Every structure is written in C-alpha cells, then in structure tokens.
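# A closer look at the structure
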Amino acid sequence: MKITQICISTFLLSILLTISSCVTKEPRFLQVMFDTSIKEDATPAVLAKMMKAKELGSSEVQFEKGTYHFYPDKGKEFYCFISNHCNVMVRTAFPITGLDNLTIDGQGSTFIFHGVMIPFLVDESTNITVKNLSIDWNDTFHSEGLIVANDEKNGTFDMQISDDYPYVIRNQQLVFIKEYYEHTLGQTILYDPTRKAIIFGSRSYTPLTAYKKLKVKHNLDKINYKYEIDPRAPKLRGTQLEDRLIAKEIKPGLVRIYNHRRKLPQVGMILSAKGEQGYNRVAPAFRVTNTKTFNAENVNVHHAGGMGIIAENSEDLTLDDFNVTPSHGRMVSTTADATHFVGCRGKVILRNCTFNNQLDDASNVHGTYQKVVDILDDNRLGVRMGHDQQQGFTIGRPNDTIGLVRLTDSFFPYGKASIKSIEYINSRYQIITFNEPLPKNIKAGDLLENLDAYPELLVENCNISRNRARGLLLSTPKKTLIKNNFFHTEKEALLIPVESGYWYESGSSSNLTITNNEFKDCSHGGQNRGIIRFETDDDNQNIAFRNIVISNNKIDQFDNWILEIANTDGLKFTGNTIVNNGGFPQLYPHNPAISIKTSKNIVFENNTYKGKAKVIIETKAPMKEIKFQ
C-alpha cells in the first residue's frame, strides 16, 4: 500500500515539475533580428517592435549588417525640453521608455537619419546598451563652402558651395535647404582642410558678423517686464537686430558675401555654417534621461544636429569606443558637444573614445543652478530656470539634498534641505517643497544646486582634437580622473569653471587628477587664456576648487600660457614637461607660463620647462611669490 502511494505521489510530482518547467521556460523575452529588407525606411518596422518591448520584458534587438535609412514620417512623436538644446518636436524609431535590460546590437550597421529625429530617445529605463553601429544623417544640420576669393577693397568674399548643400537666396540672405529643415549662415567657423581642424587664429575671422543693431527704434523703453527675462533667449535677442550680411549668386554654386566686419576668410579655407544660435540644436544622436545604467559600446556618431549624447538626471553611464568623427569628407561631425552630462550621478566613464571636429566641447559635466524667485512659506520655494535652454529641467528627485548658495559669500552652500516634492508649473517655473524648514536668511536671488546629482568621472585613453571650443568642462566635486588622453583644441583643453551667470551650470571641482595626458597646440583659436584653466564668473576671492593634482603630463605648445589658476586651495603640479614647439606663431609672447590669483597651498615640484616665457609664474596680490621647480 505504501509503495503504491509513493508511486502515485512520485507520478503527480513529476507532472507538477513538468508543468512548472514549461511555465518557467515560457519566454517573456523579445529577441528580434531585423534584416536589410527594411533598409529603405526602417522606421515603421523598428518602431512596431519597440512599442511592444515593454510588454515582453527583457529584450535584445539585432540588425543584420547593412545600411538602414530612418525617415521621420512614420516615427513616434515627442515634444522635448532638452538641456542645452532647443525645445523641439522630434520623432524617433527607438522610443526606449520604461524599459529594462535592453540591448540594441547593430552588428556593424550604419543608421542614416533624415530630418529632425533623435535616433535613440531613452527615458525612465534601466540597463540599456547600444553597440556596434554608426549614426549619420543624409542631409547635415550644417553646411560647408570653400573660400575661393576675397576682396579687401570691397569687403567681400566668394564661397564655392558643392551640390551636397542646396541653397536659396531669400531676401538677400543665404539659406541652406535640407530634408525637413533649413538654416541660415548664423554661427560660423573656418576649417583648414589640410589639417582638417579649426583654422589657426579662427577668432580673427569668424564668426561672421551676421547682424547689426537696428537704427529705427521707437518707444521700446516703454516696454516693462514684471518678472525677470532672459535677453539672450532667441525670441528676445533678435528684436533689436537686423541682417548685416548680404549674399549674391555670381553663378550657380558660387556665392559672394558682403559686409563681414572681421578679417576676410582666407582662400582655400572651408567655412562651416550651422544657422542662428538658439535655433540650431534640434537633433542629438542620443538623449538619455532619468535612466540607470546606460552603455554605448563601439558606436560611431558621424553627425547630429546637436550633441552626440546629452544625458540628464541619469546614473552610471559608460561610453566605451564611442567615437564622434565626420564622414564623407565633411569637416564637421556633431554641431554641438560630442557628449554632455547634466545632473547625473553614480559614475560617468568615457574610455577609448575619439571626439573630433564637433562644433563645441568634447564633454561637459555639471549640475544646474536654479534661482530662488519666491519664498512661499517655511519649506516651499518658487524657482526659475536661468537659461532658455534649461527649460523643463527638474533639479532633483524626492530626498535629494539641495544646497543653498549665495556666491557673493561662498561657492559652497550656506544651508541644506532635502526635496519632498516638485510641482511643475511651467517649463521655467517650479515649486519645490522641502522636508525641513528653510534657513531664515534665505532670500530671492539665492541659487539652488543638487548636491547628490554629481558623478564620479573617468576620462581615459581618448583623442580630443580638431574641434571648436574646449576639450573637457569639469564641474563635479566628486572624484575625477583625466588620464592618458590627447588634446588638440581650438580653446582651452581643460576648463574647470563655476558658471552662474549665463548657462547656470553648477559645480566646483574637488578631488581632480589630471595625469599622463598629452596637450598639443591647444588654444590655437586666438583666445588669450591658459590651456588648463580654473575660473569663476564671480569676481571674488572665495575658494571654489580644492585638492587638484596635475602630474606627468606632456605639454607641447606654440604659445606661453599653460596654466591659469584662480580661487583654488590645494594644487600640486608635479613631473610635467612643458615645451615650446614653434608649430604656430606665438600670439601672446608677453604672457607668463603660469598665472595664479586668489589661491593658496599651490606646489610645483620636479617639472621641466623648455618654453619661451620670460616669466614662468606670475602671481597677483595679495599672494606671495611661488617658485617653479
């Protein structure tokens, strides 16, 4: 009897285990392989699968190696407030929203986009990986023309424009026409096609002086604004300006430009134009928001109408072999920064990357200052976004620690409070409720920064060169290591700022190590600045930067000014080699190699100087003289 019962029990258990096994093996897993049959317009097929990804859980999306075109006509549409970009209606084939554990593997494919699209729009997701693909646009968001003549007497220059950049002349203005987009000359800069880099002394030639002040203005002084305005916002900035430049077609493809007021562009150089500031950042390649763990591996961004990647309020981001480089013989890759991180936390890692020919910085890592407008009660504040391109940005999440800052007194918080909730009133005004009572001395005009929303940063084995503007902008108090990189930039290689008056980018660097890098002819655009620069935009003697180490770097420069130190407590400059290579003519031969003001505990040891500066270290009162060793 017992044996029978055991056999029946064993049989029943076997059935249950079989059923259980079947249930556990039933996949909630989207595994998709796209082939090149969709290549003419991949948007509908890819979007259809992406819209189902949330239902099916973990996902892997692969592409047969090939070239795929993506058009906006059947893309998913979003209105986006994008930090440091225009607020814009965009479409995408990859709406990665609320997804976990998703991998997109291009297997060596090239994705070509058309019009105002964001290739990868990532929000409220976890553990997202994009790898093994290249991103480009069929029609770029910038245009290029070869300078073939200039006339000093009449103040004109002629530009040969290839068939790659269709144009019209409208109301005497040169307008480039793209698929779904157009732009004027607007922001411009010259490239040297031999070096495939920004021309030496670029600021003498460009940007083109496109606008002038209106002569006829009547009763404008009677316009009064009750609240603070941003006069640099596009809709306000242009109200008192008119076009200065005039364009005339000499023959098809050859256009003459009149009334430029700087030096005329040199014959043989290539003029890059991307349209008017405030309207020309509409399509970054990656936009990552409110996401934890994002990885990009073996990704090439050949172009974007904005940044290569803009990440906001996200955590743990790694770019490994993420390369921003131009294609098809173009001078320009992305029309803004290669990479940009706002209010991020955890770790940001840039490793084995190439950032070439972008029209702004290689990377910018910072928080965001928001201005106190209203003190509503003991624990509620009304705050305003300072810059037009900060609109829609939320400063933090519940229980984040907010620092209260008054920069006239200190770059560091005079008080702290944690967020209870944020009420979004509109894109520029929000109400923050705090868990604790606010300090009694808080007042309108003070700034808020999120003390939790700064990442540790590693930038290692990267090539940062040939671009407009700076290399890295570093505004995080967390541990930062800049190691084994190459820099050749039009402006500073490294800018360590506190910026509270224009972009409202918060953060002051501490625990920063810059080691084993090579700096080659940086700041060749003509600005009179050090190539490694610590600077605040508030003219006071308060300490902003702490615990800085600059060691074992090779600095190979044509000009004198290497290091510009301000508002710093604790900087060691050791084991560095500084050489003047004579690669370009000196622009500022009277500069020192190093300047120091409003700083203390600055040490120089075991350095080698083979430059041309008559004064190696220049200090400003009330500082004591410091020896270079």
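Residues numbered from 1 in each chain as written. Predicted model: local features only at pLDDT ≥ 70, side-chain atom pairs only at ≥ 80, totals over all residues. Heavy atoms only, no water.

## Regarding the overall build of the chain
- Across its full length, the chain holds three helices and 54 strands.
- A compact globule built from 629 residues would reach a C-alpha radius of gyration of about 25 Å, and the chain, at 27 Å, matches this within 12%.
- Projected onto its principal axes, the C-alpha coordinates of the chain cover approximately 110 × 65 × 60 Å.
- The buried share of the chain, reckoned over its 629 residues, is 55%.
- For the chain, restricting intrachain contacts to residue pairs at least 6 apart in sequence, the fraction spanning at least 24 positions comes to 73%.
- Summing over all exposed atoms, the chain offers an accessible surface of approximately 27000 Å²; the carbon and sulfur share of this is 49%. (Helix = DSSP H or I, 4+ residues; strand = E, 2+ residues; numbered from the N terminus. Rg over C-alpha atoms; globule rule 2.2 N^0.38 Å. Buried < 20%, exposed > 50% of the residue type's maximum accessible area, 1.4 Å probe, protein only. Contact = heavy atoms within 4.5 Å. Areas by Shrake-Rupley, 256 points an atom, 1.4 Å probe, with all protein chains shown as cover.)

## Structural notes on the packing of aromatic side chains
- In total, this model carries 26 aromatic pairs according to the counting rule given.
- Summarising the aromatic geometry, the rings of Y68 and F111 are spaced 5.9 Å apart at their centres and angled 85 degrees between planes, so their arrangement reads as edge-to-face. Taken as a pair, Y68 in strand 3 (residues 67-70) and F111 in strand 7 (residues 100-113) lie far apart in primary sequence, 43 residues in all. No difference in accessibility class separates Y68 from F111, as the two residues are buried.
- Taking 4.9 Å as the distance between ring centres and 10 degrees as the angle between the ring planes, the aromatic pair formed by F487 and F519 counts as stacked. Residue F487 is located in strand 40 (residues 486-488), and its partner F519 is located in strand 44 (residues 518-520); the two are separated by 32 residues in the primary sequence. Neither F487 nor F519 differs from the other in exposure class; each is buried.
- The residue whose ring lies beneath R406 is Y414, and the NZ or CZ to ring-centre distance is 4.8 Å. (Phe/Tyr/Trp six-rings, centres within 6.5 Å; stacked < 30°, edge-to-face > 60°. Lys NZ or Arg CZ within 6 Å of the ring centre and 35° of its normal.)

## Overview of a nonpolar patch on the surface
- Where nonpolar side chains cluster on the molecular surface, the patch consists of L220, I223, Y225 and I229 and spans about 360 Å² of accessible area.
- In this structure, Y225 sits in the loop between strand 17 (211-213) and helix 3 (234-237).
- Accessibility expressed as a relative area gives 49% for Y225, which makes it partly exposed. (Patch = residues over 30% accessible without salt bridge, like charges linked within 9 Å, V, L, I, M, F, W, Y side chains within 5 Å. Salt bridge = Lys/Arg side-chain N within 4 Å of Asp/Glu carboxyl O.)

## Thoughts on the sheet that holds strand 30 (residues 370-377)
- Strand order in this closed barrel of six strands is 30-31-34-33-32-35, and the pairing throughout is antiparallel. Taking each pair of neighbouring strands and ignoring which way they run, the sheet shows an average axis angle of 50 degrees. (Pairing = 2+ DSSP bridges. Axes fitted to C-alpha atoms, helices over the stretch in contact; angles between N-to-C directions.)

## Description of the sheet that holds strand 11 (residues 156-160)
- The strand order across the open sheet built from seven strands is 16-15-21-10-11-20-19, with neighbouring strands paired in antiparallel fashion. Each having just a single partner strand, strand 16 (197-198) and strand 19 (246-251) make up the two edges of the open sheet.
- Strand direction decides the pairing type here: strand 10 (residues 143-151) and strand 11, joined by five bridges, are antiparallel. The partner of A149 across the bridge, within strand 11, is D158.

## Considerations on the side chain of R384
- Topologically, R384 is positioned in strand 31 (residues 380-385).
- A distance of 3.4 Å separates a polar atom in the side chain of R384 from the backbone oxygen of E228.
- If sequence neighbours within four positions are ignored, R384 has contacts with E228, I229, D230, Q370, K371, V373 and R428. (Polar contact = N/O pair within 3.5 Å; in protein donor to acceptor, adjacent residues only side chain to side chain.)

## With respect to the environment of R345
- Within the element layout of this structure, R345 appears in strand 27 (residues 345-351).
- Each C-alpha atom of the pair R345 and K49 lies 31 Å from the other, and the pair is 296 residues apart in sequence.
- Beyond its immediate sequence surroundings of up to four residues, R345 is in contact with S314, E315, D316, R397, D400, N450, D452, A453, Y454 and P455.

## Quick look at the environment of K478
- Mapping K478 onto the fold places it in the loop between strand 38 (472-474) and strand 39 (480-483).
- A sequence separation of 31 residues divides K478 from S509, and the C-alpha atoms of the two residues are 7.4 Å apart.
- Residues contacting K478, with those up to four places away along its chain left out, are Y454, P455, E456, S510 and N511.

## Quick notes on unusual backbone geometry
- Following T206, the chain continues into P207 via a peptide bond in cis, with omega recorded as 5 degrees.
- Structurally, P207 is set in the loop between strand 16 and strand 17.
- You will see that N601, though not glycine, has its phi angle at about 55 degrees, which is positive.
- Checked against the element boundaries, N601 lands in strand 52 (residues 600-605).

## Things to note about the pairing of strand 49 (residues 568-574)
- With five of seven residues buried, strand 49 is to be regarded as a mostly interior element.
- Of the strand pairs in this sheet, strand 46 (residues 545-551) and strand 49 are connected by six bridges, and their pairing is parallel. Of the residues in strand 49, the one forming a bridge with R546 is D569.
- Strand direction decides the pairing type here: strand 49 and strand 52, joined by five bridges, are parallel. Residue pairing in the sheet places F573 in a bridge with F604 of strand 52.

## Let's talk about the nonpolar core
- Within the largest apolar cluster, 114 residues are counted, with the highest numbers of intra-cluster contacts made by F94, F286, F294, F322 and F604.
- In terms of residue count, strand 9 (residues 126-137) provides more of this core than any other element does, five residues in total.
- Dropping the residues within four chain positions of it, F322 is found in contact with F286, A296, V299, V301, G308, I309, A338, T339, N352, C353, T354 and F355. (Core = buried A, V, L, I, M, F, W, Y, C linked by side-chain atoms within 4.5 Å.)

## Overview of the pattern of salt bridges
- Evaluated as defined, the whole model comprises 24 salt bridges.
- When the shortest N-O distance is used, the salt bridge between R470 and D361 registers 2.8 Å. Of this pair, R470 sits in the loop between strand 37 (463-465) and strand 38 while D361 sits in the loop between strand 28 (354-356) and strand 29 (363-368), and the two are 109 residues apart along the sequence.
- Across the pair R406 and D409 runs a salt bridge whose closest N-O atoms are separated by 3.9 Å.
- Given a relative accessible area of 51%, D409 falls into the exposed group.
- Overlapping salt bridges bring together E492, R529, R533, E535 and E564 as one network.

## Remarks on helix 2 (residues 43-56)
- Between its first and last C-alpha atoms helix 2 spans 20 Å; for 14 residues at 1.5 Å apiece the expected length is 20 Å, and the two agree.
- Every buried residue of helix 2 is listed here: T43, V46, L47, M50 and A53. All buried residues of helix 2 fall inside an arc of 100 degrees around its axis, so they share one side.
- One or two residues past the end of helix 2 sits G57, with phi positive at roughly 80 degrees. (Expected span 1.5 Å × (residues − 1). Arc of directions from axis to C-beta.)

## What to know about the confidence of the model for the chain
- When pLDDT is averaged across the chain, the result is 94; 95% of the residues are at 70 or more.
- pLDDT under 50 marks residues 1-27. Its contacts with residues more than four places away, or in other chains, come to zero contacts. (pLDDT = per-residue confidence, 0-100.)

## Re the state of the cysteines
- Applying the stated criterion across every chain, the model contains zero disulfides.
- Note on C80: no disulfide assigned, nearest cysteine sulfur contributed by C86 at a separation of 12 Å. (Disulfide = S-S within 2.5 Å.)

## Side note on the pairing of strand 8 (residues 120-123)
- In this structure, strand 6 (residues 95-97) lies alongside strand 8, joined through three bridges in parallel fashion. Its bridge partner being in strand 8, P95 is matched across the sheet by L121.
- Sheet topology places strand 8 next to strand 22 (residues 286-289); four bridges connect them, and they run parallel. Each residue of the ladder has a partner; that of V122, found in strand 22, is V288.

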